[in-house]
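Working through the structure, step by step
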Amino acid sequence: MNQKWTRTTYNPEETDGFARSLGTLLKANDVLTLEGDLGTGKTTFTKGLARAIGVTKTVNSPTFTIMKEYKGRLALYHMDAYRIEDDMEDLGLDEYFEGDGVTVVEWPKVIGDQLPGERLDIHIEYGKELDSRVFRFHAHGQRYEKLCEELFQL
Ligand code: ADP
Ligand code: MG
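Report follows, based on the coordinates. (Residues numbered from 1 in each chain as written. Chains lettered and ligands numbered in written order. Predicted model: local features only at pLDDT ≥ 70, side-chain atom pairs only at ≥ 80, totals over all residues. Heavy atoms only, no water.)

1. Observations concerning the packing of aromatic side chains
- Here the structure, examined in full by the defined rule, presents eight aromatic pairs.
- Ring centres of Phe18 and Phe45 lie 6.0 Å apart, and the angle between their planes is 70°; this geometry places the pair in the edge-to-face category. Of this pair, Phe18 sits in helix 1 (residues 12-24) while Phe45 sits in helix 2 (residues 42-52), and the two are 27 residues apart along the sequence. Comparing Phe18 with Phe45, the two get one shared label, buried.
- Taking 5.4 Å as the distance between ring centres and 85° as the angle between the ring planes, the aromatic pair formed by Phe137 and Phe152 counts as edge-to-face. Of this pair, Phe137 sits in strand 7 (residues 133-140) while Phe152 sits in the segment after helix 4 (142-151), and the two are 15 residues apart along the sequence.
- An aromatic cluster of three or more residues is present, and its members are Trp5, Phe18, Phe45, Phe135, Phe137 and Phe152. (Phe/Tyr/Trp six-rings, centres within 6.5 Å; stacked < 30°, edge-to-face > 60°. Helix = DSSP H or I, 4+ residues; strand = E, 2+ residues; numbered from the N terminus. Buried < 20%, exposed > 50% of the residue type's maximum accessible area, 1.4 Å probe, protein only.)

The following block contains the structure:
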């Protein structure tokens, strides 16, 4: 199953609010991926999500590291696969995916076959209106279908 949900936001605050709503529904072991061109709001979204899971430190783009870990009610493992070389093999990422926190992966395509099969893929695109962003959610697995159903009822 791979159902699709869509939400458009019209300013950064709305993206933040949307991410926070999702954050309140997250549990340990959840894995999300964020794909979208530069400036579409991957980091803005991750910051809102981080707040909702109780992370108080400022979340920045993990540009020069592959992974940053933040403590909160749940841990946040913020991964940026952009810097990973194609020929890098098993990175031992399962430790995070199966760990006691929420994993957010930016640029997931780079590590494609190392991603868990059950996860929530989020695609962000620029919308037609100024400052609008279109979020498309693809749920892989029952856990994430339920999560989307709940989120899109809020
Ligand atoms: P990315 O991590 O995808 O490169 P960022 O979150 O760092 O993107 O940057 C998004 C930029 O776009 C910010 O400067 C933000 O203020 C701006 N912006 C404008 N409208 C929106 C919106 N609806 N949602 C998110 N960000 C927006
Ligand atoms: Mg970013």
